[in-house]
Amino acid sequence: MKKSKHLIWQIPFLIFLVVGTVFIIIQQRDMPYRSTSGPIFGTEYHITYQNDQDLQKEIIDELEKVDLSLSPFNPQSIITKVNENQSVKVNEMFTEVFNISRKVSEETDGAFDITVAPLVNLWGFGFKEGSDPDSHSIDSLLQLVGYKKVTLGSDHQVSKSDPRVTLDCSAVAKGYGCDVVARVFKRHNVANYMVEIGGEIVTKGVNEKRLPWRIGVNRPTDDPLQQSQELQTVLNVTDMAMATSGNYRNFYYKDGKKYAHTIDPKTGRPVQHSLLSATVLARDCATADAYATSFMVMGMERARSVLEKHPELMAYFIYAGANGDMEVWYSPSLRDKIVGD
């Protein structure tokens, strides 16, 4: 009898819970999806989110903070002041990206390196005009490259082993920008969104059709004008971050040889291997971005060795097979997320 009375008292609570849940679902279905796009970080952003409130100003404010922290093209940015050896205390954004970069550098044996900027510039792919590299100039600049040559102290200042060492976080900044926008949405309890900056992506929830977010992976055909939209596959990346690095858009030919923008920090030269495109899925986009770049430096075999040690990462590689045809390899854990070929 006592048990029956106890259950009776629970009924109003259960009814309230069900009614509240239904109300939230109905309210969410009626809430509009908003889309915004524009230039940022030398590329473009495309953002879709479901919310009653227009968050455009807050989104732009946060992205401009990232630019003021990490853009080597911005003469007022923190990273520019660090590169010019000005006395500057770095902020939280710079610190976070520096620490992420350092961790990935250690995990990839230096394949990811934010001090590689002088070599990237030398080859004509960076934030300064490049020249025609020779062995002497490459070897000279290699003395200024190495992630262990810079440290971030408890005083929030960067120390360098040589004042000529320069930093460039371009290989992680777009992914980090996606994470920063995602944090804006988290503060406003936005349940459904897709953030894309220059091809790096963070998603959560469902799209306007109430379906999981599906993101295409471009087929890596030479496309310096970035006009090709041919897809290799489509992935379900709901509630995840995704970043892609490849040598099919930023490159040039000289004397019949292709020079791609991915520079190996250890050799000082553009990489020459079969890997054409590396797509990485991770919990945050800055990490995905950094590992995608790392894998393009490392090549297939070394990249797969790193993945074996990091089950939290998933990767989709497109590479040139023995006969020259494009072939793919992907993490076994990624199989269920492939929804189209």
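Summarised in this report is the structure supplied together with it. Since we're looking at a predicted model, the values are computed, not measured.

Our next topic: the environment of P265. Turning to its location among the elements, P265 is positioned in the loop between β11 (257-260) and β12 (275-282). Look at P265 and you get buried, because its relative accessible area is 8%. Spatially, the C-alpha atom of P265 lies 9.3 Å from that of I114, the residues being 151 residues apart in sequence. If we ignore the near neighbours within four places in the chain, the residues touching P265 are G110, A111, D113, V116, L119, L142, V145 and V297.

Here we take up the packing of helix α2 (residues 56-70) against helix α7 (residues 170-187). Here α2 crosses α7 at 145°, and the two axes come no closer than 10 Å. In terms of crossing hand, the pair formed by α2 and α7 is right-handed. Across the interface between the two elements, E58, I59, E62, L63, V66 and L70 from α2 touch A173, Y176, G177, V180, V181, V184, F185 and R187 from α7. Split into classes, the residues belonging to the contact of α2 with α7 amount to 10 nonpolar, one polar and three charged.

Pairing between side chains of opposite charge can happen when the charged atoms of each approach one another. With the rule as written, the count across this model stands at nine salt bridges. For the salt bridge of K174 with E200, the shortest nitrogen-to-oxygen distance reads 3.8 Å. Of this pair, K174 sits in helix α7 while E200 sits in strand β6 (residues 200-204), and the two are 26 residues apart along the sequence. Looking at E200, the relative accessible area reads 2%, which means it is buried.

Quick notes on the rules
- Residues numbered from 1 in each chain as written.
- Predicted model: local features only at pLDDT ≥ 70, side-chain atom pairs only at ≥ 80, totals over all residues.
- Heavy atoms only, no water.
- Helix = DSSP H or I, 4+ residues; strand = E, 2+ residues; numbered from the N terminus.
- Buried < 20%, exposed > 50% of the residue type's maximum accessible area, 1.4 Å probe, protein only.
- Contact = heavy atoms within 4.5 Å.
- Axes fitted to C-alpha atoms, helices over the stretch in contact; angles between N-to-C directions.
- Left-handed = near helix turned anticlockwise from the far one by under 90°.
- Nonpolar A, V, L, I, M, F, W, Y, C, P; charged D, E, K, R; others polar.
- Salt bridge = Lys/Arg side-chain N within 4 Å of Asp/Glu carboxyl O.

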